[in-house]
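Observations on the three-dimensional arrangement
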Amino acid sequence: MKKILLKPHFVRKSTHYAPDDPRVPQFPASAQCPVPDLSDFPLPLPSKKADYTCCAKAGNILWLGAETGLTRYDPDAEYDFDRVLYFSADRDLKDNCVSALLPCETGIWVKTEQAVTLIELPVMSAEEVSDTLLRETLKYVARHSMVSHKYLAKAGEHDSILPYGSCDNDGGFTSGFCLGELFRYAVMREEKGKDAPETQDALKVARRALDACLLLMYIHGRGDGFVARTYSTADEPLPDDGLFFRRHGDKATCLDTTESRERGIVGLEIDCGAPFPERLKYLFEEDGYTLDDIYYKCDTSSDEITLHLLNLLFAHKILGEEDKELDDFIIQSAKNIVNHILDSGLTLRDYSGEPTTWARWDEPYFTKEIGWVDAALNSAEMLFYLKMVMEISGEKGKWQEEYDRLAGERGYADLPAKHYDRLYQQSMRDDMDPPEEIMYGDHWLATASLFGLCYLEKDEELLAKYRAGYKTWRTSIEREHDPALDFLYLVACPGEEIDEQRVIEWFTRANISRLAAGVSLKGRHDIPVKTLRQGYREISTLLPQDEKFISKYDRNPVEYKNYDSGGLMCIESCYVYTLSYWMGRYFGFIGG
């Protein structure tokens, strides 16, 4: 595949003003705008033609206002996907009832019921968009160097960011963020040299994110290779969504939550006296905390384990040769995790000695109803873990023996290719269409595992099985058209194809903020909507990034509803963009 050239492209920037703000220009009578005649308009429009009540021209650009949002038409656009653009509340406008338009030198003033909005379209390169999103994430989203999302006290106001707010998948999402920064560092090191300021900045960000991931492997103090979901400090509110333990000396006490009360374990003490790595203490000590100020969440899932190990694989590959001490720590951490899983009968064992809810790779689990479907994913995960730890450690022994047993005798290498068939059968049993059964977060886990297996496996027979499994997963993954998922597929399965035009559209129509502002779908009339068996509704096409809801890699991108994904009260991580961009640069799919 030839390198994709991402040309500098306009991005959306909206600034809202109160109608009486002195910075708002006076709308002359002519700005009330005529009702447009759209009887011969050549393309579908987001609003009904009859709903457009005003229009304005700026050169060849036609702006159209309706009670259901704003439309921009450029007949001379270089890309087809730029010809008709839709602007809506809450991301672009305060509300969708557009009453007047006034073009200006930098864009257009838009009067709606609640405000006057200046919409501008500055041109930025893909790398500039990446840098802009990274700065937002580091300033507003990072919490103890973990990167998932943050909530706001006031809608749309970044500076009202709440200082707390853990996420169930902090470890997994931070691993995704870290991977992007590792790739950025590797690209900068290659192109600008190790000592260039840009390179050193990338290294600094990557190392801190990597340390935040490693911290979760030790914060519990159990010394047995367990990995915590997330951690918080004692002055942060305790979520009521699982099990949490507070450290104090060599013991950790189970805190009072609904689940701990239901299990009857409030106040339960467990050991946490294992040595804690001095190199990681700065992550909380720089804010004035000690280990006794920490509480962590357990019941970790396979999500975190899979993404942690993919992250450690590339941390070893990119950083290992230049920092032997760090590399030894990475290798030992990976060994601890995989040894724990093997010693626990292919499960992750929680405080009780029982498997966590969603971290099971054992055959008894595969015979259960939900495990029968999960087996196509979890088998690939387990094989990847073993292959990964052998790769970075240079050791084989029991890991190779277990890999051979599972891949061959126990049939784990054949299970990934059963994904779609089992998903389909499960859907029919539940009287659902397959899209209603899809867990979109699993796409990342399947990609990470099957990519890792194809990337590392040298045996042609096994490699063919893993590629076959990967391809059956692509039946659902392709619904997303996310470049990170596409690029890893191309690395793992040479000769396969992706839709390059969709990749270009994905990057060029990205948002320059991850404020999870809503987008209006219910007012749109250019998107066919279909209803599935259980009433689940989907649109017929994947919208550009700046016209669909903002989320992590865990939501159906064609779900139909007036989706706000946290509304104006949440800022998501930049990793969805930065990981895709720098991965593309690292593997040579995107030109510099």
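Details of the structure are given in the entry above.
For the structure given in this document, a descriptive report is provided here. (Residues numbered from 1 in each chain as written. Predicted model: local features only at pLDDT ≥ 70, side-chain atom pairs only at ≥ 80, totals over all residues. Heavy atoms only, no water.)

Turning next to the layout of surface pockets. For the largest pocket, the calculated volume is near 850 Å³. Asp303, Met439, Gly441, Asp442 and Leu445 are, among the 40 residues lining the largest pocket, the residues nearest its centre. Looking at the lining of the largest pocket residue by residue, the classes come out as 19 nonpolar, 12 polar and nine charged. Empty space within the second largest pocket amounts to approximately 640 Å³. Every residue lining the second largest pocket is counted, 22 residues in all, and those nearest its centre are Ser14, His16, Arg91, Ser513 and Leu515. Here the lining of the second largest pocket is built from residues that sort into seven nonpolar, seven polar and eight charged. Split by domain, the lining of the second largest pocket shows at least three residues from each of two domains, domain 1 (10-126) and domain 2 (170-513). (1 Å grid on protein atoms, 1.4 Å probe; cavity = no way out; pocket = protein on both sides within 12 Å on 5 of 7 lines; lining within 4 Å. Points joined across faces, edges and corners; volume = space filled by probe spheres on them. Nonpolar A, V, L, I, M, F, W, Y, C, P; charged D, E, K, R; others polar. Domains from an automatic or database assignment.)

Let us look at the nonpolar core. The biggest cluster of nonpolar side chains holds 147 residues, and the ones touching the most others in it are Ile219, Tyr231, Leu309 and Met382. Summarising the domain contributions, this core has at least three residues from each of domain 1 (10-126) and domain 2 (170-513). Ignoring sequence-local partners within four residues, the contact set of Leu309 consists of Ala334, Ile337, Val338, Phe384, Tyr385 and Met388. Counting 16 residues, the second largest nonpolar core, distinct from the first, contains Trp63, Leu70, Val110 and Leu121. (Core = buried A, V, L, I, M, F, W, Y, C linked by side-chain atoms within 4.5 Å. Buried < 20%, exposed > 50% of the residue type's maximum accessible area, 1.4 Å probe, protein only. Contact = heavy atoms within 4.5 Å.)

An α-helix turns once every 3.6 residues. As a result, residues three or four positions apart point the same way. The end-to-end C-alpha separation of helix α2 (residues 170-192) is 32 Å, in line with the 33 Å expected for 23 residues at 1.5 Å each. A large share of α2 lies buried, amounting to 19 of its 23 residues. Phi turns positive, to about 95 degrees, at Gly193, one or two residues after α2. (Helix = DSSP H or I, 4+ residues; strand = E, 2+ residues; numbered from the N terminus. Expected span 1.5 Å × (residues − 1).)

Attention now moves to the packing of helix α7 (residues 324-343) against helix α9 (residues 369-393). Helix-helix packing: each pair is described by the crossing angle between the helix axes and the interaxial distance. For the pair α7 and α9, interaxial distance at closest approach is 10 Å and the crossing angle is 145 degrees. Here α7 and α9 pass one another in a crossing that is left-handed. Seen from α7, the contacting residues are Ile330, Ile331, Ala334, Lys335, Val338, Ile341 and Leu342; seen from α9, they are Met382, Tyr385, Leu386, Met388, Val389, Ile392 and Ser393. Of the residues contributing to the contact of α7 with α9, the split by class is 12 nonpolar, one polar and one charged. (Axes fitted to C-alpha atoms, helices over the stretch in contact; angles between N-to-C directions. Left-handed = near helix turned anticlockwise from the far one by under 90°.)

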